[in-house]
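# Observations on chain architecture
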Amino acid sequence: MHASLAAILFQGGQEAAGAAHFEPFLPGLIVLLPLLGFVLNGMLALRHAIASAKVVRTGGELDLNEGGRPSTHTLPSLIGPGVMLLAFVITLVNFARMFGAHLEEPVVITYWTWMSTGTFAVDAALQLDQLSMIMMLIVTGVGFLIHVFSVGYMKDDSGYPRYFAYLNLFIFFMLVLVMGASYPLMFVGWEGVGLCSYLLIGFWFSDREKADAGKKAFIVNRIGDLGFLVAMFFLFTTFGTLDFVPIFAGAEGALVYGGGLVTAITLFFFLGAAGKSAQLPLYVWLPDAMAGPTPVSALIHAATMVTAGVYLVARSSVLFALAPVASATVAGVGVLTALFAATIALKQNDIKKVLAYSTVSQLGYMFVGVGVGAYSAGIFHLMTHAFFKALLFLGAGAVIHSMHVAYHSTHSHEDAQDMRNMGGLKKHMPITWATMWIATVAIAGIWPFAGFFSKDEIIWQTAAFGGAANAPYPALYMMFWLIALAAALLTAFYMTRMMVMTFHGENRTGAEEEKALQEAPPVMWAPLAALAVLATVGGWVNVSEHLRETLLGLGPLTSGWLHEWLHPITEQAEHIQEVNLGALAEASPIGGGEVVWAVLSGLAALAVVAASFRFVGAQKVVPASEDVEPTGFAKVLYNKWYVDEFYDRIIVQPLLATSRFCWKVIDAGIIDGFVNGVGWTARGVGFVISMFQTGTLNTYAFIITVGVLVILGVSIF
Amino acid sequence: MITDALVLSAFLFVIGTFGVLVRRNAIIMFLCIELQLNAVNLTFVAFSQLHGIDGQIFVFFVMTVAAAEAAVGLAIIISIFRHYETVNVDNFKLLRW
């Protein structure tokens with residue numbers, strides 16, 4: 001390490017290329033603060049664990065609820081959200097500086113050379129540009145709110161310091177992922193967030209099922225990571241470097257548009273993205289990941305980590321723009337995932353499972369966005385989704401928390417996450433109810449909430465891309481567009497169903513339990529309120545030009561601001577696209593421009609929400625313990641299209657059988673058999689030969705004589 | 001002349017070998033080994049008629065080694081006798097696994 005720590009912290013690194021106007025403000029500190037939080041909380045967690053072990057060893061009664069202790073509760077409560085707040089503030093300062101600087105080139109801050117072999121070198125370098133800035137704002141901002149929420153949600157948990165240690169570590173790796181200036185550094189963050197995801201899904205590891213869910217997430221992600229690695233190898237053999245700036249600068253020269261190499265690179269990258277961002281066919285780990293604490297689901301499995309794949313594609317936009325086949329694959333997988341996950345969400349009863357499938361579905365939309373070359377639209381939806389989905393998960397967390405307390409009060413073992421046991425929570429939890437409705441209409445795509453603008457832009461860009469002058473597969477994109485529209489309506493339906501089942505109608509928790517239901521404490525509803533504001537106004541940062549003209553009263557400030565902001569990042573990709581495909585279409589394949597379809601889909605979503613509200617409200621929902629198994633097609637959806645069973649049959653069981661064969665037959669049988677056989681043979685031969693060793697002197701003398709005679713005989717004759 | 005000497009030494013050697021193989025008394029076996037050695041000595045001396053003085057010099061070496069061997073061998077036999085009060089080799093089966 002050449003640079004001293006002080007230099008990292010206070011001098012902004014050794015060089016700041018291209019920072020003519022933009023002076024980064026303590027960028028290293030943004031990354032290091034969560035790491036510091038991890039170290040401090042980790043030490044507290046270790047101390048707590050050692051103290052607990054001591055109590056158990058000496059036979060004392062282990063008090064699992066040590067929430068009152070300053071070292072295990074107060075300190076983590078201050079350190080965990082505290083470092084996040086500081087990191088967020090520093091990010092805001094940087095954002096403000098970049099906002100005024102009109103940065104054209106990314107600012108790369110190099111600290112030291114991480115590794116250097118032959119002609120290949122990777123620097124520990126951070127890249128500050130418009131894209132990483134947006135991601136940093138989301139990670140630190142939403143991350144901070146979720147940390148605050150966790151203070152209330154995890155209050156009574158015995159692993160409180162450990163929880164915040166993991167959470168801080170996650171933020172550290174996530175920031176490395178989005179700020180790293182090269183693919184290897186991004187990969188470090190990529191693997192690091194995977195590790196933290198594993199640790200936090202299996203946070204309650206004494207429960208076998210939850211520990212297994214963590215392992216599943218880890219293993220499924222490995223498949224995708226292989227793609228990431230292979231893509232990096234290809235990039236290295238092509239460019240000789242893995243830094244972002246030289247690769248994107250040289251991409252158009254080194255790679256042929258639509259060529260096999262760039263297609264392979266981008267498809268392998270997308271395999272990585274599909275694993276991390278839970279796309280078909282690697283989405284199966286995300287619903288299981290709901291085994292973790294609910295704020296973890298909000299932070300990792302909704303707002304930040306799972307969007308890393310979208311970030312990867314947007315970051316590599318130049319490469320993807322050069323590979324139309326790969327881009328079509330991205331969009332196709334995205335749109336299919338969006339529809340597929342939405343259908344499953346229709347019939348789930350676990351409130352977190354609904355949100356999990358909804359997340360998979362929305363991630364599909366983001367991939368549609370980046371797949372049709374609308375990179376800013378993809379990032380836009382990533383941002384609004386971070387707001388409303390984090391809000392939904394935190395709201396679900398508040399509901400589960402309340403339900404859990406209610407069941408705990410009567411020592412009931414009913415499922416606190418099952419929506420069939422909820423109902424009528426509106427009057428007990430009005431703040432949660434209101435904020436979650438905001439998020440619901442936002443995700444459903446109803447004007448003027450955030451999701452309307454972001455989702456509609458993606459859907460519209462799909463139509464516009466398919467109708468471009470030289471679009472590769474116009475019919476295919478038209479299908480994508482129609483599926484995306486249909487999935488949007490499904491979204492509106494299942495989200496309303498979730499809200500109705502949870503908050504409306506008669507309460508089904510139980511007469512005794514209902515008395516214990518109450519609103520979440522301020523430390524929990526305050527983040528909800530903050531996110532509700534963001535979910536409401538978040539969409540206005542990127543109102544498209546067409547929409548602005550029709551939606552009166554909006555200042556120029558809101559006109560596609562995010563698109564403009566990201567323009568330095570996406571312009572190269574957009575240029576490639578324009579040269580090769582021509583101008584985007586102004587009207588959809590079946591007529592109508594952007595405004596028409598935006599209004600239509602907004603109205604349709606509203607209609608679906610209203611219809612769903614009445615339809616589900618009229619249904620007789622019974623508590624989980626009295627419910628019967630669904631039949632027919634509903635059963636298929638209820639069982640998630642049997643994908644897990646299918647994978648189990650096709651992949652897991654054969655793999656297990658092969659492993660068992662390798663173990664029992666090849667390893668234990670052949671290899672061990674050979675090794676042991678050599679030993680047994682030597683022992684057996686030795687045993688037989690030792691028979692000749694009688695100890696009788698005359699026998700020895702006789703054998704020697706015979707031996708001499710034989711040798712003599714042989715040598716003479 | 002030389003043939004007679006060689007035949008005699010061959011007879012002596014075979015008698016010695018036979019004695020080592022069939023007798024059980026350690027002293028007798030020892031004497032038989034000496035007989036073998038001296039049979040070989042006789043051969044050396046006989047061949048020195050044809051091949052010069054080397055054979056006779058070798059006999060001195062053999063006698064020196066035989067004397068040393070006799071000293072060590074007798075010492076072993078004596079210590080065995082003190083321990084077991086017998087020199088019959090059938091009673092000693094220590095040289096085995």
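Criteria and cut-off values
- Every chain is numbered on its own, with residues counted from 1 as its sequence reads.
- For this description, chains carry letters from A and ligands carry numbers from 1, given in the order in which they are written.
- It should be noted that, the model being predicted, local features are given only for residues of pLDDT at least 70 and side-chain atom pairs only at 80 or more, the latter also being counted only at that level, while totals for whole chains, interfaces and linings use all residues.
- Secondary structure counts use DSSP, requiring at least four H or I residues in a row for a helix and at least two E residues in a row for a strand, with both numbered from the N terminus.
- Here the radius of gyration uses the C-alpha set of atoms, whereas the globule reference equals 2.2 Å times the residue count to the power 0.38.
- Buried residues are those with 20 or more other C-beta atoms within 10 Å of their own C-beta, exposed residues have 12 or fewer, and partly exposed residues lie in between; C-beta atoms are placed from the backbone.
- What counts as a contact here is a pair of residues whose C-beta atoms, placed from the backbone, lie within 7 Å.
- Gly is put with the polar residues, along with every residue not named as nonpolar or charged; the nonpolar set is Ala, Val, Leu, Ile, Met, Phe, Trp, Tyr, Cys and Pro, and the charged set is Asp, Glu, Lys and Arg.
- Working convention: axes come from line fits to C-alpha atoms, limited for helices to the stretch in contact. Angles between N-to-C directions cover 0 to 180 degrees.
- Orientation categories follow fixed angle ranges, with anything under 35 degrees roughly parallel, anything over 145 roughly antiparallel, 65 to 115 roughly perpendicular, and all other angles oblique.
- The hand of a helix crossing depends on one turn: near helix anticlockwise from the far one by less than a right angle means left-handed, and clockwise means right-handed.
- Following DSSP output, two strands are said to pair if at least two bridges run between them.
- To count as a nonpolar core, a set of buried Ala, Val, Leu, Ile, Met, Phe, Trp, Tyr and Cys residues must be joined through C-beta atoms within 7 Å.
- One fewer than the residue count of a helix, multiplied by 1.5 Å, yields its expected span.
- One number per residue, pLDDT, summarises how confident the predictor is, and it ranges from 0 to 100.

## Digging into the overall build of chain B
A count of helical and extended segments in chain B gives three helices and zero strands. Going residue by residue from the N terminus, the α and β elements of chain B occur as α-α-α. For a compact globule of 97 residues, the expected C-alpha radius of gyration is about 13 Å, and chain B comes in at 16 Å, more than 25% above that figure. Summarising its shape, the C-alpha atoms of chain B cover approximately 50 × 25 × 25 Å along the three principal directions.

## Considerations on the overall build of chain A
Within chain A one finds 28 helices and three strands. Along the first, second and third principal axes, the C-alpha atoms of chain A reach 120 × 70 × 60 Å. For chain A, the proportion of its 717 residues judged to be buried stands at 51%. A sequence separation of at least 24 residues applies to 80% of the contacts in chain A between residues at least 6 apart.

## Considering the interface of chain A and chain B
Listed per partner, the contact involves ten residues of chain A and nine residues of chain B. Grouping the constituent residues of the side of chain A that touches chain B by class yields three nonpolar, seven polar and no charged.

## Topic: the packing of helix α9 (residues 260-276) of chain A against helix α14 (residues 324-345) of chain A
Residue and element names in this part refer to chain A. At their nearest, the axes of α9 and α14 sit 8 Å apart, and the two run at 20° to each other. Comparing the axis directions of α9 and α14 gives the class roughly parallel. Handedness of the α9/α14 crossing: right-handed. Mapping the contact onto sequence places Thr263, Thr266, Leu267, Phe270 and Ala274 in α9 and Val325, Ala326, Thr329, Val330 and Val333 in α14. When grouped by side-chain class, the residues that make up the contact of α9 with α14 number seven nonpolar, three polar and no charged.

## Notes on the pairing of strand β2 (residues 107-117) of chain A
Residues and elements named next belong to chain A. For β2 and strand β3 (residues 120-128), the ladder comprises nine bridges, and the chain directions are antiparallel. Bridging from a neighbouring strand, Val107 pairs with Leu128 of β3. Remark: two residues form the turn of the hairpin made by β2 and β3, two consecutive strands paired antiparallel; Gly118 in that turn has positive phi of roughly 60°.

## Structural notes on the nonpolar core
With 232 residues, the main nonpolar core has Phe170(A), Leu175(A), Ala390(A), Leu391(A), Ala484(A) and Ala535(A) as its most contacted residues. Residue contacts for Ala484(A): discarding those within four places in its chain leaves Val335(A), Ala338(A), Tyr365(A), Val368(A), Ile459(A) and Thr462(A). Membership of the second largest hydrophobic core comes to six residues, among which are Val20(B), Ala26(B), Cys32(B) and Val89(B).

## Comments concerning the environment of Tyr365(A)
All names here are of chain A. Its location among the elements puts Tyr365 in helix α15 (residues 351-371). Placed 284 residues apart in sequence, Tyr365 and Pro81 show a C-alpha to C-alpha distance of 31 Å. Leaving out residues up to four positions away in the same chain, Tyr365 has contacts with Gly334, Ala338, His381, Lys455, Ile458 and Ala484.

## Observations regarding α15(A)
Taking 1.5 Å of rise per residue, the 21 residues of α15(A) would be expected to cover 30 Å, and the 30 Å separating its terminal C-alpha atoms lies within 8% of that figure. For α15(A), the buried fraction is high: 21 of the 21 residues fall into the buried class.

## Some details on the confidence of the model for chain A
Here chain A averages 87 in pLDDT, and 93% of its residues register 70 or above. Note that pLDDT drops below 50 for residues 552-558 of chain A; the model gives that stretch six contacts with residues more than four away or on any other chain.

## Some points on the environment of Ser316(A)
Residues and elements named next belong to chain A. Tracing the chain through its elements places Ser316 in the loop between α12 (308-315) and α13 (317-321). The buried category is assigned to Ser316, around which 28 C-beta atoms lie within 10 Å. Separated by 69 residues in the primary sequence, Ser316 and Ile247 place their C-alpha atoms 9.4 Å from one another.

## What to know about helix α2 (residues 26-51) of chain B
All names here are of chain B. For α2, built from 26 residues, the straight-helix expectation of 38 Å at 1.5 Å per residue is met to within 8% by its first-to-last C-alpha distance of 37 Å. Listing the buried residues of α2 in full gives Ala26, Met29, Phe30, Cys32, Leu37 and Asn41. Of the surrounding elements, those touching the buried residues of α2 are α1 (2-22) and α3 (54-84). Note on α2: the residue one or two positions beyond its end, Gly52, has a positive phi of about 90°.

## Quick notes on the confidence of the model for chain B
Considering every residue of chain B, the mean pLDDT works out to 91; 99% of them sit at 70 or more. Both confidence scores are given for the complex: pTM 0.81, ipTM 0.87.

## Some thoughts on the packing of helix α16 (residues 375-409) of chain A against helix α21 (residues 522-537) of chain A
Each pair of packed helices can be described by the angle between their axes along with the distance between the axes. Residues and elements named next belong to chain A. Put simply, α16 and α21 touch, their axes get as near as 9 Å, and they point 155° apart. The angle between the axes of α16 and α21 places the two elements in the roughly antiparallel class. Judged by the sense of rotation from one axis to the other, the crossing of α16 with α21 is left-handed. Side by side, α16 and α21 meet where Phe387, Phe388, Ala390, Leu391, Leu394, Gly395 and Ala398 of the first sit next to Met524, Trp525, Pro527, Leu528, Leu531, Ala532, Leu534 and Ala535 of the second. Split into classes, the residues belonging to the contact of α16 with α21 amount to 14 nonpolar, one polar and no charged.

## A closer look at unusual backbone geometry
All names here are of chain A. Residue Pro281 is bonded to the preceding Leu280 through a cis peptide linkage, with omega at 0°. In the Ramachandran plot, His411 falls in the positive-phi region, its phi being about 55° despite a non-glycine side chain. In this structure, His411 sits in the loop between α16 and α17 (430-444). A tally of 6 C-beta atoms within 10 Å means that His411 is categorised as exposed.

## Considering the environment of Leu581(A)
All names here are of chain A. Summarising the element assignment, Leu581 is placed in helix α24 (residues 567-581). The partly exposed category is assigned to Leu581, around which 17 C-beta atoms lie within 10 Å. Once the C-alpha coordinates of Leu581 and Ala468 are considered, the two residues, 113 residues apart in sequence, prove to be 6.3 Å apart. Sequence-distant contacts of Leu581, that is, excluding residues within four places in its chain, are made with Ala468, Ala469, Asn470 and Ala471.

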